[in-house]
Each structure stands twice: as C-alpha cells, then as structure tokens.
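Report on the structure
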Amino acid sequence: MDVSSNPTTSQANETESQYPEPEVRVRQNLQPHNVHDENQTVHRHRPPLNWRTAMKMDEKLNICRIYYIAGFFLLPIFWLVNFVWHYNDAFLAEPFEEQPQFKRYVLRSGIGFIFWSVLIIGWVFYFQTQRSYNWDYITFNFPTGSA
C-alpha cells in the first residue's frame, strides 16, 4: 500500500485552506410590501409611466417612425402593429416632449391601415362577385368542373 496516495488529515486541511469556499451573499427585496392592517392604509406601488419596457421615449419614437415608413412598402400590417403598440403612448399617456410626433405617426398609421384594408377587401369582393369567363385566366387555379 502506497502512503503517498492517501492524503492525511493535515494534508486535506492544507488543501481546503488553499481554496476557500466562495462567499454567499443574500440580496434583500427592497420593494415596498402591501400591508393590510386595520389601522394603516394600503400603499400601492405605482409603476412608472414607461413600465412595459425600459426603453426611452425617443427610442420608441424611432421605432414608431420605422414602422410607419415600412407600411409604405405595401406592408400595411406594419401600420396595424404600429397603431396597436403605440396608441397608449400617443393618446393616453401623460404629456411628454415627443408626443405630438407619436400622435402624427400613430394616427397616419391607423388611417393608412384602414385605407389599405378597405381597398383590398373591396378588390377581393369585386373580383369574387363580378368575375366572368375571361377573369378565370387571371388566376393560377383553373377549375376543371369534374368531381
């Protein structure tokens, strides 16, 4: 039996002292708690105006402008997304510096989406109700008429 392969108790203690255990720190939750007490009123923490994201309003305005411009490339879905995402910031939030620009982009996005939706739905309705024999050559689908 080889003695050098089995460490003694003193050797094990020396190894432990060379590599100390990491220090563990516990973080405390500093958020105010809602305490329901008969004598005290309930204090609720109100979230900040921009509580959904940590983005600044100028960054949101930049995204709003990009989505507004993207809608002009025959992608009206960008206008719908822009309208839905930024409606609260444009019309329901407390006044801030960039709000007039938000209102302009959001309002124009909503109007553009409604315009394109009416145009596309009207075209589909007209195409489906007024099509004749010659209109069938516009489509890629040629019905054969047999079951």
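Before reading on, note that the structure itself is shown above.
Presented here is a report on the structure given in the accompanying data block. Keep in mind that this is a model prediction, so the values were computed, not measured.

Between helix 3 (residues 76-92) and helix 4 (residues 99-129), the least distance of the axes is 8 Å, while the angle of their chain directions is 145 degrees. Judged by the sense of rotation from one axis to the other, the crossing of helix 3 with helix 4 is left-handed. Here P76, W79, L80, N82, F83, H86, Y87, D89, A90 and F91 of helix 3 lie close against helix 4, whose contacting residues are Q99, F102, K103, Y105, V106, L107, S109, G110, G112, F113 and W116.

Between its terminal C-alpha atoms helix 2 (residues 57-70) stretches 20 Å, which fits the 20 Å expected from 14 residues at 1.5 Å a residue. Residues of helix 2 that are buried include every one of M57, K60, L61, C64, Y68 and A70, and no others.

Turning our attention to the packing of helix 2 against helix 4. Working note: a packed helix pair is described by the angle between its axes plus the distance between those axes. Put simply, helix 2 and helix 4 touch, their axes get as near as 10 Å, and they point 25 degrees apart. With respect to helix 4, the axis of helix 2 lies roughly parallel. The two elements helix 2 and helix 4 cross, and the hand of that crossing is left-handed. For the pair formed by helix 2 and helix 4, the contact residues are M57, K60, L61, C64, R65 and Y68 on the first element and Q101, F102, Y105, V106, R108 and S109 on the second. Split by residue class, the contact of helix 2 with helix 4 holds seven nonpolar, two polar and three charged.

Our focus in this paragraph is the nonpolar core. Ranked by size, the top nonpolar core spans 10 residues in total: M57, L61, C64, Y68, W79, A90, F96, F102, Y105 and V106. Put simply, the parts of the chain that give this core at least two residues each are helix 2, helix 3 and helix 4. A per-element tally of this core places helix 2 first, with four residues. Residues within four places of F96 in sequence aside, it is in contact with M57, D89 and F102.

Our focus in this paragraph is the environment of V106. Looking at the secondary structure, you find V106 in helix 4. V106 sits in the buried class, given a relative accessible area of 0%.

Cut-offs applied
Residues numbered from 1 in each chain as written. Predicted model: local features only at pLDDT ≥ 70, side-chain atom pairs only at ≥ 80, totals over all residues. Heavy atoms only, no water. Axes fitted to C-alpha atoms, helices over the stretch in contact; angles between N-to-C directions. Helix = DSSP H or I, 4+ residues; strand = E, 2+ residues; numbered from the N terminus. Left-handed = near helix turned anticlockwise from the far one by under 90°. Contact = heavy atoms within 4.5 Å. Expected span 1.5 Å × (residues − 1). Buried < 20%, exposed > 50% of the residue type's maximum accessible area, 1.4 Å probe, protein only. Parallel < 35°, antiparallel > 145°, perpendicular 65-115°, else oblique. Nonpolar A, V, L, I, M, F, W, Y, C, P; charged D, E, K, R; others polar. Core = buried A, V, L, I, M, F, W, Y, C linked by side-chain atoms within 4.5 Å.

Treat this as a map of the structure, not an account of what it does.
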